[in-house]
Amino acid sequence: MELKDSSIYKCLTGGKKPVGKIIGYALLGILIFFIVWSIVLALFLTEASMIIGAVIGLAAVVFYIWLARKWVKKASKAIQKRLDKANAISPEEYQRLEYELSQTDFMFKTFYFLSDYLYIPKARLLIKYLDIQKLQPTIHSTNGIQDSVWIDLTDEEDNKYRFYVKKWKDYLDYKYMFDDMLNAKRQEKWEQEQRQ
C-alpha cells in the first residue's frame, strides 16, 4: 500500500497550513484598526484626531500582529509535528490500521479504538494509548441547556488537542463505558511494554 492510498494518512496530513486562521487574523486586524480609529475620531472630532486615531489604531494593530504571528507560528509548529508523526509510520503499518479501521465501530461518530491507537479523524489525531496523559471532557450549556461536549486531550509532550463529540448525548450516557475501554487499552499496552 502506498501512503497516498491510506485514508488515515490523508486525514492526518490534511490541513497543512493555517490559511483560514491567517485570513481571519488579517480581517480582525483591519477591524481593530477601524474601531480604534473611529473611537478616537468620535471622541475628539478634530482634524488632528484623524491622525492621532490612525496612529493609535496602527499601534493597536502592530501589537495585534505580534500576537497573531505567535498564534500562527504555534499552529504551524503543531501541524509540522503532526506531519512528522504521520510520516514516521510505515506504509505497512498504515495498511494494518486501514484494515482495523474497517473492522472497528466509529464510537459517538468521533473515536476509533484501534489496537495500538485512539484515532480521532475530526481532530486529525492518531495517538498511542500510552501517549495520552489526560482526557478532560467539558459539557457546554447555553441558558442552562446542555448543547455540546468537547474534549481536551493532553499528550505526553503536554500538547493539547480540543475536539467536539458529534453524538455528545450518547457519549454522556456511555461515558463510563468509554473511560473503561480507554483505561483497559492503556493497561494492556502498559503490560505489553513491561513484558518486553
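Every value quoted in this text rests on a predicted model; they were computed, and no experiment measured them.

Colleague: Quick one: what's the story with helix α4 (residues 91-102), residue by residue and with numbers?
Modeller: The end-to-end C-alpha distance of α4 is 17 Å, a good match for the 16 Å that 12 residues give at a rise of 1.5 Å each. Burial in α4 covers these residues: Glu93, Tyr94, Leu97, Glu98, Glu100 and Leu101. Buried residues in α4, looked at end-on, bunch into an arc of 165°, giving them a common side. Away from its buried face, by an angle of more than 90 degrees, α4 presents the exposed residues Glu92, Tyr99 and Ser102.

Colleague: Tell me about helix α6 (residues 175-195), residues and numbers included.
Modeller: In this model, α6 (21 residues) spans 30 Å end to end at C-alpha, consistent with the 30 Å of a helix rising 1.5 Å per residue. Within α6 the residues assigned to the buried category are Lys175, Phe178, Leu182, Lys185 and Lys189. One side of α6 carries all its buried residues, which in axial view fall inside an arc of 100°. Exposed and oriented more than 90 degrees from the buried face of α6 are Tyr176, Asp180 and Arg195. Packed against the buried residues of α6 are β1 (112-113), β4 (132-142) and α5 (168-173).

Colleague: Report on the pairing of β4, specifying residues and quantitative values.
Modeller: Across 10 bridges, β4 lies against strand β5 (residues 145-155) in antiparallel orientation. From the neighbouring strand, Thr142 faces β5, where its bridge partner is Ile145. The loop that links β4 with its antiparallel partner β5 comprises 2 residues; one of these, Asn143, has a positive phi angle of about 55°.

Colleague: Which residues make up the nonpolar core, and what are the values?
Modeller: Phe111, Leu118, Ile120, Leu153, Val165 and Tyr171 are the most contacted members of the largest nonpolar core, which totals 20 residues. For this core, the secondary-structure elements that each account for two or more residues are β2 (117-120), β3 (125-128), β5, α5 and α6. Sequence-distant contacts of Leu118, that is, excluding residues within four places in its chain, are made with Phe111, Tyr112, Phe113, Leu125, Leu126, Ile127, Tyr129, Ile132 and Leu153. Membership of the second largest hydrophobic core comes to 14 residues, among which are Tyr9, Ala86, Leu101 and Tyr112.

Colleague: Would you mind going over the environment of Ala26 in detail, with residue names and values included?
Modeller: Summarising the element assignment, Ala26 is placed in helix α2 (residues 19-44). Classification of Ala26 as partly exposed rests on a relative accessible area of 43%.

Colleague: Could you give an account of the pairing of β3, with specific residues and numbers?
Modeller: Pairing between β2 and β3: 4 bridges, direction antiparallel. Residue pairing in the sheet places Tyr117 in a bridge with Lys128 of β3. As consecutive antiparallel partners, β2 and β3 are separated by 4 residues, and within that stretch Arg124 has a phi angle of approximately 55°, a positive value.

Colleague: Can you explain a nonpolar patch on the surface? Please cite residues and give values.
Modeller: Taken together, the side chains of Leu28, Leu31, Ile35, Ile39 and Leu43 present a nonpolar region at the surface, about 470 Å² in accessible area. Positionally, Ile35 belongs in helix α2. The exposure class assigned to Ile35 is partly exposed, which follows from its relative accessible area of 44%.

Colleague: Help me get a handle on the pattern of salt bridges, residues and values and all.
Modeller: Applying the stated rule across the entire model yields 11 salt bridges. As a salt-bridge pair, Glu100 and Arg96 come within 2.2 Å of each other at their nearest N and O atoms. With Glu100 and Arg96 both in helix α4, this residue pair falls 4 residues apart, about one helical turn. One salt bridge connects Lys189 with Asp116, and the closest N-O pair in it is separated by 2.7 Å. Taken together, the positions of Lys189 in helix α6 and Asp116 in the loop between β1 and β2 put the pair 73 residues apart, joining distant regions of the chain. Residue classification places Asp116 among the partly exposed positions, given a relative accessible area of 24%. When salt bridges that share partners are traced, they join Glu93, Arg96, Glu100, Asp116, Glu188 and Lys189 into one network.

Parameters at a glance
- Within each chain, residue numbers correspond to sequence positions counted from 1 in written order.
- Only residues with pLDDT of at least 70 are given local features in this predicted model, and only at 80 or more are side-chain atom pairs given and counted; all residues enter the totals for whole chains, interfaces and linings.
- Values shown for side chains rest on all heavy atoms present in the structure; no hydrogens or waters enter the calculation.
- To qualify as a helix, a DSSP run of H or I must reach at least 4 residues; to qualify as a strand, a run of E must reach at least 2; elements of each kind are numbered from the N terminus.
- Multiply 1.5 Å by the residue count of a helix minus one, and that product is the helix's expected span.
- We call a residue buried when its accessible area falls under 20% of the maximum for its residue type, exposed when it is over 50%, and partly exposed in between, using a 1.4 Å probe and counting protein chains only.
- Each direction from the helix axis to a C-beta atom contributes to the arc, which is the arc of those directions.
- The contact criterion used throughout is that any non-hydrogen atoms of two residues lie within 4.5 Å.
- Strands are labelled as partners when DSSP assigns at least two bridges between them.
- We call a set of buried Ala, Val, Leu, Ile, Met, Phe, Trp, Tyr and Cys residues a nonpolar core when their side-chain atoms join them within 4.5 Å.
- Patch membership requires over 30% relative accessible area and the absence of a salt bridge. Like charges are linked within 9 Å, and nonpolar side chains (Val, Leu, Ile, Met, Phe, Trp, Tyr) within 5 Å.
- For the area figures, the Shrake-Rupley method with a 1.4 Å probe applies, and any residue is considered shielded solely by the protein chains shown.
- By salt bridge we mean one thing: a side-chain nitrogen of Lys or Arg within 4 Å of a carboxyl oxygen of Asp or Glu.

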